[in-house]
Amino acid sequence: MKSLIIACAVLFMGCASTSSQKSSVMQQSTELLVSENQGGTDAPGFKIIKDEKDFRNIISGSFGISEPGKESYIKYPQFPKNKKVVVYNLGTFRSGSHKIEEIKNISVKNKILYVEVPAGEPSGGMEIQVISNPWFIFTVPADYQFNSVELKYSK
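Residues numbered from 1 in each chain as written. Predicted model: local features only at pLDDT ≥ 70, side-chain atom pairs only at ≥ 80, totals over all residues. Heavy atoms only, no water.

K.L.:
For this particular structure, what's the right way to read the environment of Lys-109?
P.N.:
Following the sequence through the fold, Lys-109 ends up in strand 4 (residues 105-109). Classification of Lys-109 as exposed rests on a relative accessible area of 54%. For the pair Lys-109 and Phe-146, spaced 37 residues apart in the sequence, the C-alpha separation amounts to 8.4 Å. (Helix = DSSP H or I, 4+ residues; strand = E, 2+ residues; numbered from the N terminus. Buried < 20%, exposed > 50% of the residue type's maximum accessible area, 1.4 Å probe, protein only.)

K.L.:
What is the right way to look at the nonpolar core in this model?
P.N.:
As a rule of thumb, nonpolar side chains are buried together in soluble globular proteins. Formed by 15 residues in total, the largest nonpolar core has its most connected members in Tyr-88, Ile-103, Leu-113, Val-115, Phe-136, Phe-138 and Val-140. Only strand 3 (83-89), strand 5 (112-118), strand 6 (135-141) and strand 7 (148-154) provide two or more residues apiece to this core. If sequence neighbours within four positions are ignored, Leu-113 has contacts with Ile-106, Ser-107, Val-108, Phe-138, Val-140, Tyr-144, Phe-146, Ser-148, Val-149 and Glu-150. Phe-55, Ile-59, Tyr-76 and Phe-79 belong to the second largest nonpolar core, which has twelve residues in total. (Core = buried A, V, L, I, M, F, W, Y, C linked by side-chain atoms within 4.5 Å. Contact = heavy atoms within 4.5 Å.)

K.L.:
I keep staring at the packing of aromatic side chains and nothing clicks. Help me out?
P.N.:
The relative placement of two aromatic rings is captured by the distance of their centres and the angle of their planes. Within the structure shown, the criterion is met by four aromatic pairs. Each ring, one from Phe-46 and one from Phe-146, has its centre 5.7 Å from the other, and the planes form 45 degrees; the classification is tilted. Of this pair, Phe-46 sits in strand 2 (residues 45-49) while Phe-146 sits in the loop between strand 6 and strand 7, and the two are 100 residues apart along the sequence. Residue classification places Phe-146 among the buried positions, given a relative accessible area of 8%. Plain terms: the ring middles of Tyr-88 and Phe-136 are 5.9 Å apart, the flat faces sit at 55 degrees to each other, and that makes the pair tilted. (Phe/Tyr/Trp six-rings, centres within 6.5 Å; stacked < 30°, edge-to-face > 60°.)

K.L.:
Explain the sheet that holds strand 6 to me, please; I cannot follow it from the model alone.
P.N.:
Backbone-to-backbone hydrogen bonds join strands into a sheet, with any given pair of strands oriented parallel or antiparallel. Read across the sheet, four strands follow the order 1-6-3-2 without closing on themselves; strand pairing throughout is antiparallel. With one partner strand each, in any of the chains shown, strand 1 (31-36) and strand 2 form the two edges of the open sheet. For this sheet, the mean angle separating the axes of adjacent strands, direction not counted, is 20 degrees. Across five bridges, the pairing between strand 1 and strand 6 is antiparallel. Bridge assignment links Glu-31 to a residue of strand 6, and that residue is Thr-139. (Pairing = 2+ DSSP bridges. Axes fitted to C-alpha atoms, helices over the stretch in contact; angles between N-to-C directions.)

Geometric descriptors of this kind do not, in isolation, establish any biological role.
Structure (structure tokens):
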């Protein structure tokens, strides 16, 4: 009986470590670089950022800065050299916060990049109507081939 309990414990520990390895592999394949509530376009869509200059222009342009490089308050993340960098505009919303705080998973199927993000919590009660254009920049492995991006919201 004692050996059966030990065998079950070893099996359980093996399964637990396997799932965390999958999570760390996913974390290595994607990274959320920038996420903002304002500054995106009116319509949902994506663009692959080719170089660091374009990367900095997108970030500073969303803050309404006319001379990139002159601002001192923006802390730019490092531009990854070995991954594709994608900017995704969520479109226009009339109320609530739609800022992406985490990417849970990414996958490609039929040339569509699926980005799984946490579903927003309804706030309830009266909300002030504020128009927002959220956007975020994230990385995917360089070998991913896709023509469109779709967000999947999960709990």
